[in-house]
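# Coordinate analysis (summary)
The lines below spell out each chain.
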Amino acid sequence: MTILTTTTMGTGTIITGITPHADTHHGHHHHTHWRELRASLQASGLPEPVKQAAIGIFHELATAEAQVHGKELDAVAFHEVGNWDSIADIVAAATLIVGTGATGWSVGSLPLGRGWIETEHGRLPVPAPATTLLLRGFTFHDDGHPGERITPTGAAILRYLAPAPGIGASPRRLARSGIGFGTRRFQGMSNVLRVLALSDEDGRTEDRVGVIQFEIDDQSGEELAAALDRIRADPAVIDVTQSLAIGKKGRMMAAIQVLTRPEAVARVSALCFRQTTTLGLRSRIEARAILPRRAVTAEGGIRVKLAERPGGTTAKAEIDDAATADSQKQRAELRRAAEAQALQEKVKD
């Protein structure tokens with residue numbers, strides 16, 4: 001499902017299990033270190049996809065802050081963004097991003113804003129330096145309203161989503177929509193975030209994906225497995241696969257394929273060089289078609305993935321959630337029951 005959004009702003013939620021370290025210096029300002037916030041998110045009880053999306057958004061923000069301040073990434077300390085409301089905004093955004101099941105995003109022109117803002121570092125022009133770095137490549141317009149129109153939090157969310165401009169020329173079907181209102185008031189203009197969920201006529205959506213490929217013939221199996229786990233852990237990596245191949249001199253080798261977010265191909269390529277023994281790799285950007293899908297939880301805590309196929313909805317239960325059953329027969333029965341329940345609940349909806 002492709003998402004079209006006209007602007008961005010925060011939302012609120014309750015977060016449990018995240019305890020970032022915050023230093024209170026310079027009066028009421030909070031300093032939250034990125035390395036400690038990342039560790040807290042990783043150790044939290046959030047669902048894994050939400051956890052990775054939140055870390056990915058914060059990673060974009062930390063990268064921009066590191067460039068602004070000339071620091072190493074792990075030395076970055078967030079100021080205003082380290083406050084609990086901003087952390088809640090980003091985790092809430094990650095929850096919604098994962099919950100939509102979207103496979104691509106698009107965004108219209110963004111409001112530039114005018115004037116100055118007061119920050120930890122004093123008065124700065126709008127947009128703030130980190131926001132400016134995060135929004136490189138986006139299209140702007142001046143709507144005549146003063147003040148900060150896009151916060152660093154909103155900019156980081158946009159950078160993480162890597163939206164395309166506009167919705168493209170192919171026919172789209174409006175599946176659902178959502179509207180949120182901000183608390184700030186503007187003269188003669190509503191402060192509204194609107195999100196439209198669109199899909200192709202047959203339910204498929206198309207987006208872009210980065211593909212990185214290389215071969216390994218001189219790294220042990222256990223060492224390569226550890227290296228690929230490190231690559232998979234990167235928030236921008238979608239999937240990592242390996243298969244057996246025959247190379248020069250009849251050598252057995254591992255053929256590796258990494259799927260990643262398009263804007264992260266260069267960074268993930270550097271990660272592949274750092275984690276493996278390969279001396280060269282190939283990369284490209286490809287189109288991919290994806291069916292809308294979402295995850296639900298059936299009785300017994302078994303997660304089920306529902307996919308909207310042209311011929312109807314299909315359901316597949318997670319094998320890990322049925323792994324405690326005593327036999328293959330019981331596992332199969334648990335999964336079938338969970339899948340049937342998920343499909344039945346969908347019909348009721």
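Residues numbered from 1 in each chain as written. Predicted model: local features only at pLDDT ≥ 70, side-chain atom pairs only at ≥ 80, totals over all residues. Heavy atoms only, no water.

### What to know about the overall build of the protein
Along its length, the protein carries eight helices and 19 strands. Working note: accessible area of the protein is about 18900 Å², and carbon and sulfur atoms make up 53% of it. (Helix = DSSP H or I, 4+ residues; strand = E, 2+ residues; numbered from the N terminus. Areas by Shrake-Rupley, 256 points an atom, 1.4 Å probe, with all protein chains shown as cover.)

### Considerations on helix α1 (residues 34-43)
Of all the residues in α1, the buried ones are Trp-34, Leu-37, Ser-40 and Leu-41. Buried residues of α1 fall within an arc of 125° about the axis and therefore sit on the same side. (Buried < 20%, exposed > 50% of the residue type's maximum accessible area, 1.4 Å probe, protein only. Arc of directions from axis to C-beta.)

### Points about the sheet that holds strand β19 (residues 312-317)
The strands that make up a sheet pair up through hydrogen bonds in the backbone, lying either parallel or antiparallel. With antiparallel pairing, three strands are arranged side by side in an open sheet as β17-β18-β19. In the strand order of this sheet, the two ends are held by β17 (293-297) and β19, each with one partner. Strand-to-strand twist in this sheet, taken as the mean axis angle between neighbours without regard to direction, amounts to 25°. Note: β17 against strand β18 (residues 303-309), five bridges, orientation antiparallel. Across the sheet, the residue bridging to Val-296 is Val-304, located in β18. (Pairing = 2+ DSSP bridges. Axes fitted to C-alpha atoms, helices over the stretch in contact; angles between N-to-C directions.)

### Notes on a nonpolar patch on the surface
A surface patch of nonpolar side chains, amounting to about 370 Å² of accessible area, comprises Leu-244, Ile-246 and Met-252. Residue placement: Ile-246 occurs in strand β14 (residues 237-246). According to the relative accessible area criterion, Ile-246 is exposed, its value standing at 57%. (Patch = residues over 30% accessible without salt bridge, like charges linked within 9 Å, V, L, I, M, F, W, Y side chains within 5 Å. Salt bridge = Lys/Arg side-chain N within 4 Å of Asp/Glu carboxyl O.)

### Focus: helix α7 (residues 265-275)
One turn of an α-helix holds 3.6 residues; hence residues three or four places apart share an orientation. Within α7, burial applies to Val-265, Val-268, Ser-269, Leu-271, Cys-272 and Gln-275. The buried side chains of α7 occupy one side of the element, clustering within an arc of 155° when seen end-on. In α7, those exposed residues whose orientation departs by more than 90 degrees from the buried face are Ala-266 and Arg-274.

### Thoughts on the packing of α1 against helix α2 (residues 48-69)
Relative orientation of the contacting elements α1 and α2 amounts to 170°, with a least axis distance of 10 Å. Between α1 and α2, the angle falls in the class roughly antiparallel. Contacts between α1 and α2 involve Trp-34, Leu-37, Arg-38, Leu-41 and Gln-42 from the former and Lys-51, Ala-54, Ile-55, Phe-58, His-59 and Ala-62 from the latter. A class-by-class count of the residues in the contact of α1 with α2 yields seven nonpolar, two polar and two charged. (Parallel < 35°, antiparallel > 145°, perpendicular 65-115°, else oblique. Contact = heavy atoms within 4.5 Å. Nonpolar A, V, L, I, M, F, W, Y, C, P; charged D, E, K, R; others polar.)

### Observations regarding the nonpolar core
Counting residues in hydrophobic clusters, the biggest one holds 36 residues, and the most contacted among them are Trp-34, Leu-41, Phe-58 and Phe-78. Within the residue set of this core, elements represented by two or more residues are α1, α2, α3 (84-100), β5 (104-107), α4 (129-134) and α5 (152-161). Top element by residues in this core is α2. It accounts for 10 residues. Ignoring sequence-local partners within four residues, the contact set of Trp-34 consists of Ile-55, Phe-58, His-59, Ala-62, Leu-73, Asp-74, Val-76 and Phe-78. (Core = buried A, V, L, I, M, F, W, Y, C linked by side-chain atoms within 4.5 Å.)

### Concerning the packing of aromatic side chains
In total, this model carries three aromatic pairs according to the counting rule given. Where Phe-58 meets Phe-78, the ring centres are 5.7 Å apart and the plane angle is 40°; that geometry is what we call tilted. Within this pair, whereas Phe-58 is found in helix α2, its partner Phe-78 is found in strand β4 (residues 77-78), the two being separated by 20 residues in sequence. For Phe-58, a relative accessible area of 0% translates into the label buried. Three or more aromatic residues link up through ring pairs in this structure, and these residues are Trp-34, Phe-58 and Phe-78. Against the face of Tyr-160 rests Arg-261, its NZ or CZ located 4.5 Å from the ring centre. (Phe/Tyr/Trp six-rings, centres within 6.5 Å; stacked < 30°, edge-to-face > 60°. Lys NZ or Arg CZ within 6 Å of the ring centre and 35° of its normal.)

### As for the pattern of salt bridges
The tally for this structure, following the rule as stated, stands at 13 salt bridges. One salt bridge connects Glu-215 with Arg-282, and the closest N-O pair in it is separated by 2.9 Å. Here Glu-215, found in strand β13 (residues 205-216), pairs with Arg-282, found in strand β16 (residues 282-290); they are 67 residues apart in sequence, far enough to count as distant. Using a relative accessible area of 30% as the deciding quantity, one classes Glu-215 as partly exposed. What makes Arg-282 partly exposed here is its relative accessible area of 42%.

Scope: geometric values only; no functional claims are made or implied.
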